Amino acid sequence: MKPLMAYEQEGHHHHPKVQFPLDSDSYKIVDEIGIGVSAIVYKAECIPLNSTTVAIKSIDLDQFKVDFDNIRRETKIMTLFSHPNILNAHCSFTVGRRLWVVMPFMSGGSLQSIISSSFPDGLSEQCIAIVLKETLNALSYLHNQGHLHRDIKAGNILMDSNGSVKLADFGVSASVYESSSGYGSGSSTSSSPMMLMDMTGTPYWMAPEVIHSHTGYSFKADIWSFGITALELAHGRPPLSHLPPSKSLIMKITKRFRFSDYEDSINKGKSKKFSKAFKDMVASCLDQDPSKRPSTDKLLRHPFFKSSKGSDFLVKHVLHGLPSVEERFRVSKILRKNDVDDDDEDDVEGESGSELVKQRRISGWNFNEDGFELDPVFPTESRDDSVVKQVRFGGETIILEKGTSESSLNLNSPEAESSLVSSTTTPPCEEQQTENTFNAETMVGGLMALKKSLDDQRQKVSELINLFGGEVMNKEDQMVQLIEKLRMELETERQKNFELEMELEFLKFQISGASNTDEND
Amino acid sequence: MEAIFFFGERIGICISKPGGATSRAVAQRLRHPAAQPDSTPTSSTLYDKSSSTKMKGLFKSKPRTPVDIVRQTRDLLSFAARSSESRESKREEKMAELFKNLRELKSILYGNSESEPVSEACAQLTQEFFRENTLRLLITCLPKLNLEARKDATQVVANLQRQQVNSRLIASDYLEANLDLLDILIAGYENTDMALHYGAMLRECIRHQTVARYVLESQHMKKFFDYIQLPKFDIAADAAATFKELLTRHKSTVAEFLSKNYDWFFAEYNSKLLESSNYITRRQAIKLLGDILLDRSNAAVMTRYVSSKDNLRILMNLLRLFAAKQNKPPDIVSILVANKSKLLRLFADFKTNKEDEQFEADKAQVMREIAALELRDRP
C-alpha cells in the first residue's frame, strides 16, 4: 500500500452531506436513458432538492439471489468509495420489488455511446490520454482498496458535462460476475443456476488469464482490459470484434466503421497516427503474462500521461455538439421500433442508427432460443454480452438469458439497451411479415428465423402435451433434445475456436506492434 | 464488511483459518499477483521512479516495528478521544499521523502490492493491539476519523478477529472481557454514517461463538427486526446479513437461543418479517426461515414451528405467493423444487383436529402448486 495516496485523496473526502430522500415520490422521472432486462436507468429530478437532476437505476430484485449479497456489496461500494473519478450513489432504497439506486446524472453518457454516436473512428490521442488518465486514477484507488473492477471498457466510463470522467458499474453488474462464482474458479463446480453466468463477460476486453483461467487472476486482469479500452477509444471499437468473419455482416460493418483501416493498421503495420508512447503504454498492458503488466501506479507515471490536458479539452473536443444522452437513447429506441416494423431499412439509415437496427434484428433471433445465428460479429461492443451468451449458451433457457444479460447493464448509459436487445421477445415472424423490400439475404435470414421459431413453438406445444399427460410427441422431444445437445457441443467448439483466433490475432497484433515501433524509430 | 472482501479474504494465507471454499478461491486468486511482483526489467526504464525507492524514502527516517506502530496508534487514539474540539493545536497534524498509522497497520495485516503479510509481524501486532484497550479506543473514536481512515480501521479490526497468537484467537478473549463494545457496534445501525463500518466490524466479531451468544441473548436482538427494514437499502441489507449470520453460524448456540426464546422470537419473526408489507423483507425472511428450520441442529424448533397452525398458514400464504408467481425468483424455485417431496410430505401429514375447510383448501392449493413445480422452471 502506498500510504501517501490517502493524503493526496484527502481533499475529496468531504462527503457532500446532502440527504437524498428515500421514497420514490420525491423523484420525478424525466426520461428513460437506458434499459436492461433487470434494470431501467432513468433521468430524473429530485423534487425536494431543487429538482436536482439525477440518474436512477431501477433494478428488478426478483432476478437476484435472495440474500442480495452482491447487490449489498456493490451499493456499499458506491457509498463508501470516495474518489472524484468513481461514480457514487446518492442513496438506494427499495420500491416494491425493485431497488432504486440514485446517482449523479452524467450528462455525457458513456464513452462507448459517445464514440458510437459521434466518433466511429475513435477519439484523438490527446482526448484518449485524458480519459484514460482519469480512469486510471479511479482504478488505482480501487486496487489500493483491494478491489477489482473486472469490467473496464468504454461503456463503463462516463463523462459529465464539464468533461469530468468517472468509472461506473463496478456496481451491480460486477457483483453479478462475482455471484457467478468468479472467472477464477472454473465453471464446472457451479451449484446454483446463476452460476452459469461465470461464462459471461465481455470477452473482447477480457484478459487471457480470465478467459482460460484455471489458475485465477487478479488486478492485472483490469490492466489488460484497460489496454483493450485504450484501443477501443482509439479505433472506435475493441480489437477482434470482427471475429470470426461473417461475410454479410462484415460487408455492413465495413461500410460504416471502416474496418479496413483498423485491419490494415494492425495487420500491415501502417499504424497511422499514434505516438510511440501510446503504443508502448498499450503494449505493456497487453502483455500475455499478467506479472509483466504494470500496476496502476506505475502506469500513471508512464510518459503517455505526462502532458495530458485538462477536462476543458474534452468539453471542447468531445462534448461540443454531441447529442444528449436522452436523445441518443431516444433515437436508438425509435430505431428499435422501426426495426420491428421495417426490418430492411438498414441501408438507408444513419450510421449508428442502422447499426442499431441490425443489432436489434439479430438479437431478436438470439432470444428465440434456437432461432439465431451463432456469430460473434457485432459492430459495437455493447452487443458482446449477448454474443458471448449465444456462443456459449445457445439453447439455454430464458431465465439464464435474463441473468446473463443483467450483467451487461451499464449505469447511465444508453448502451444498457443492449441487454434489452438480447431479451426482446420480438418474434422473428413479425419481422418477416413486415418485410417490404426484397433483399435476398435478409429474406433468407428472416425465413430461417421463422423456421426456428416454428420449431421452437413445436417444442413448446409438445411440452404442453406432455404436461397434460399426452405422450404423442415423445419421439419429437427426443430429437429436439439430441439437436440441443449437439448444438451445445457445437457452441463449445466454436467458443474454443474463437478463443484461439483471438489469441492468434493478439499475437499478430503484438508482432505488428513491435515491427511498427521499429519502423517508426 | 465486504469493502474489504479481497484483502479480507487474504488472511486465509497468513493464518490457517480460511473462511470457506469461496474465500479460499479468492485467496488463491490474490496470491497470484503478489507472488509475482510487477516489476519487469524491460519496461521499468520507462518509469521515472520505481515504487520501491519511494517506499524506502518513506520509511528511512523511522523504521518502526509493528509494536511501535500499535503503541503510537494507541497514543494518538487517546489524544483523539480526549480532544473533541478541533481548536487544539497540532490536532490536525496528529489526526493525519493517526490515519497514516492505521494504513500501516492494514498494510502489515493484509500485505501490499509488493509483499505478502508476514505472520510473525501479524502476531506481534495482534498481541500488542489486544494487550491494552486499543480496540475500545478505535471503536469509540471511529466517528472522529475521516472516511478512508474509517475504512482502514474497519479492515484492521476485521482482520484481527482471525489472527491467532500461539494458536489462540486473542481477539475473542478480549471481546469476551469487553462485551459492551458490541453494544456500540450494534447501535451503529442507527447512525447512518457509522452503520456500514460498525456493521462490518460486528459481523467479524460474531465469528466468535461467545460474542454471538452475547448478541443473541441481548436486548439488541429485538432491534434487528427493525434494522433490516431501515429505508436505506445498504444499511438494511447490512443488518440483514448480520442477522442471518447470527442465526446460522454457530449451530448449537442458535439452537439453544431458539428453544429458549421461541415464543417472542417467532412471534416477531412472523408478524414483522413474514407478514411485512415489504416484499423484499418477506422474500428474505422466508429464505432465512428455511435455512434455520431445515438445519438439522434445529430439528426440535422445526417440529415445534410446523405444529402451529398459524405458522403453517403464514407459510402457505407465502408459498402460494411465490409458487403462483409467474416469474418466480430462481432461488425460490430451486428451494421449492429441492424440498418438494419434503414439503409435500409435511403438508400431507399435517392435519388439523377440527374440520377447517379454508385451511384444507389452502393446503390443497399450495400442494398442487408445489407438485407442479419442475426443474425446468429454473434455468
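Residues numbered from 1 in each chain as written. Chains lettered and ligands numbered in written order. Predicted model: local features only at pLDDT ≥ 70, side-chain atom pairs only at ≥ 80, totals over all residues.

- Under an unreviewed UniProt entry, chain B has the name MO25-like protein and belongs to Gossypium lobatum.

- Going by the annotation in an unreviewed UniProt entry, the name recorded for chain A is Protein kinase domain-containing protein, with Gossypium lobatum given as the source organism.
- Quoted verbatim from the Sequence similarities (unreviewed entry) heading of the UniProt record, the comment on chain A is "Belongs to the protein kinase superfamily. STE Ser/Thr protein kinase family. STE20 subfamily." (UniProt positions renumbered as here; feature names shortened; annotations may be inferred.)

## Regarding the overall build of chain B
No. 1: In terms of helices and strands, chain B carries 22 helices and 2 strands.
No. 2: Here chain B holds 379 residues, and the buried ones make up 40% of them.
No. 3: Considering only intrachain contacts with a sequence separation of at least 6, the fraction spanning at least 24 residues in chain B is 70%. (Helix = DSSP H or I, 4+ residues; strand = E, 2+ residues; numbered from the N terminus. Buried ≥ 20, exposed ≤ 12 C-beta atoms within 10 Å, placed from the backbone. Contact = placed C-beta atoms within 7 Å.)

## Regarding the sheet that holds strand E5 (residues 98-104) of chain A
All names here are of chain A.
No. 1: Pairing in this open sheet of 5 strands is antiparallel, and the strands run E1-E2-E3-E5-E4 from one edge to the other. Whereas interior strands pair on both sides, the edge strands pair on one side only; in this sheet they are strand E1 (27-35) and strand E4 (91-95). Adjacent strand axes in the sheet meet at a mean angle of 30°, parallel and antiparallel pairs treated alike.
No. 2: Here strand E2 (residues 39-46) pairs with strand E3 (residues 52-60) via 8 bridges, running antiparallel. Note on E3: the bridge partner recorded for Tyr42 is Ile56. (Pairing = 2+ DSSP bridges. Axes fitted to C-alpha atoms, helices over the stretch in contact; angles between N-to-C directions.)

## Considerations on the sheet that holds strand E8 (residues 165-167) of chain A
What links the strands of a sheet is backbone hydrogen bonding, and the strands pair in either a parallel or an antiparallel sense.
Residues and elements named next belong to chain A.
No. 1: In spatial order, the strands read E6-E7-E8; together these 3 strands make up an open sheet with antiparallel pairing. At either end of the open sheet lies a strand with only one pairing partner, and these are strand E6 (109-110) and E8.
No. 2: Of the strand pairs in this sheet, E6 and strand E7 (residues 157-159) are connected by 2 bridges, and their pairing is antiparallel. When the bridges of E7 are listed, Gly109 appears paired with Met159.

## Things to note about helix H12 (residues 209-217) of chain B
Residues and elements named next belong to chain B.
No. 1: The complete set of buried residues in H12 reads Val211, Ala212, Val215 and Leu216. Projected down its long axis, H12 carries its buried residues within an arc of 135°, all on one side.
No. 2: On its buried side, H12 packs onto helix H9 (170-177), helix H10 (180-187), helix H11 (195-205), helix H13 (220-227), helix H14 (233-248) and helix H15 (251-260). (Arc of directions from axis to C-beta.)

## Quick notes on the environment of Gly321 of chain A
No. 1: Positionally, Gly321 of chain A belongs in the loop between helix H12 (311-319) and helix H13 (325-341).
No. 2: Expressed as a C-alpha distance, the spacing of Gly321 of chain A and Ser118 of chain A, which sit 203 residues apart in the sequence, is 9.2 Å.

## Regarding the confidence of the model for chain A
Residue and element names in this part refer to chain A.
No. 1: Averaged over all residues, the pLDDT of chain A is 66; the fraction at 70 or higher stands at 55%.
No. 2: Confidence, read as mean pLDDT per element, is least for helix H14 (residues 351-367) in chain A (27) and greatest for E8 (95).
No. 3: pLDDT under 50 marks residues 1-15. Its contacts with residues more than four places away, or in other chains, come to 28 contacts.
No. 4: pLDDT under 50 marks residues 342-437. Its contacts with residues more than four places away, or in other chains, come to 277 contacts. (pLDDT = per-residue confidence, 0-100.)

## With respect to the nonpolar core
No. 1: By size, the foremost hydrophobic cluster in this structure holds 155 residues, and its most contacted members are Ala55, Ile56, Ile128 and Val131 of chain A together with Leu185, Ala236 and Ala239 of chain B.
No. 2: Ranked by residue count, the leading element in this core is helix H4 (residues 125-144) of chain A, at 11 residues.
No. 3: Every residue in contact with Val131 of chain A, bar those within four places of it in the chain, is listed here: Leu111, Ile157, Val165 and Leu233 of chain A. (Core = buried A, V, L, I, M, F, W, Y, C linked by C-beta atoms within 7 Å.)

## Thoughts on the packing of helix H8 (residues 147-160) of chain B against H11 of chain B
All names here are of chain B.
No. 1: The N-to-C vectors of H8 and H11 enclose an angle of 5°; their axes lie 9 Å apart at closest approach. The orientation of H8 with respect to H11, classified from their angle, is roughly parallel. Counting all contacts with H8, which are made through Arg150, Thr154, Val157 and Ala158, the residues of H11 involved are His197, Ala200, Met201 and Glu204.
No. 2: Looking at the contact of H8 with H11, its residues break down into 4 nonpolar, 2 polar and 2 charged. (Parallel < 35°, antiparallel > 145°, perpendicular 65-115°, else oblique. Nonpolar A, V, L, I, M, F, W, Y, C, P; charged D, E, K, R; others polar.)

## Topic: unusual backbone geometry
All names here are of chain B.
No. 1: The phi dihedral of Asn166 is positive, around 50°, even though this residue is not glycine.
No. 2: Residue classification places Asn166 among the exposed positions, given that 7 C-beta atoms sit within 10 Å.
No. 3: Even without a glycine there, the phi angle at Ser167 is positive, about 50°.
No. 4: Among the structural elements, Ser167 can be located in the loop between strand E1 (164-165) and strand E2 (168-169).

## Thoughts on the packing of helix H5 (residues 91-110) of chain B against helix H6 (residues 119-131) of chain B
Residue and element names in this part refer to chain B.
No. 1: Closest axis-to-axis distance for the H5/H6 pair is 8 Å, and the angle between their directions is 135°. As far as their axial angle goes, H6 and H5 are oblique. For the pair H5 and H6, contact is made by Leu105, Ile108 and Leu109 and by Ala121, Cys122 and Leu125, respectively.
No. 2: In the contact of H5 with H6, the residues fall into 6 nonpolar, no polar and no charged.

## Focus: the pairing of E5 of chain A
Residue and element names in this part refer to chain A.
No. 1: Within E5, 6 of the 7 residues are buried, leaving the element largely enclosed by the surrounding structure.
No. 2: Bridge count for E3 against E5 is 7 bridges, and the pairing is antiparallel. Directly across from Asp60, in E5, lies its bridge partner Arg98.
No. 3: Pairing geometry for E4 and E5, over 5 bridges, is antiparallel. Looking across to E5, one finds that Ser92 is bridged to Val101.

## Notes on the pairing of E4 of chain A
No. 1: Extensive coverage of E4 of chain A is indicated by the burial of 4 of its 5 residues.
No. 2: Following E4 of chain A, the chain reverses through 2 residues before pairing antiparallel with E5 of chain A; Gly96 of chain A in that reversal takes a positive phi of roughly 60°.

## Comments concerning the environment of Asn156 of chain A
All names here are of chain A.
No. 1: With respect to the helices and strands, Asn156 occurs in the loop between H4 and E7.
No. 2: Exposure remark for Asn156: the 30 C-beta atoms within 10 Å place this residue in the buried category.
No. 3: Residues Asn156 and Lys166, 10 residues apart in the sequence, show an inter-C-alpha distance of 8.5 Å.

## Overview of the environment of Asp238 of chain B
No. 1: Considering the arrangement of structural elements, one finds Asp238 of chain B in helix H14.
No. 2: Residues Asp238 of chain B and Tyr189 of chain B, 49 residues apart in the sequence, show an inter-C-alpha distance of 8.8 Å.
No. 3: Apart from residues lying up to four places away in sequence, Asp238 of chain B is in contact with Arg72 of chain A together with Ala195, Leu196 and Gly199 of chain B.

## Points about the confidence of the model for chain B
When pLDDT drops low, the exact placement of atoms in the prediction is not to be read closely.
All names here are of chain B.
No. 1: Scored by pLDDT, chain B comes out at a mean of 79, with 73% of its residues at no less than 70.
No. 2: pLDDT under 50 marks residues 1-54. Its contacts with residues more than four places away, or in other chains, come to 101 contacts.
No. 3: For this predicted complex, the interface confidence reaches an ipTM of 0.74, while the overall pTM sits at 0.65.

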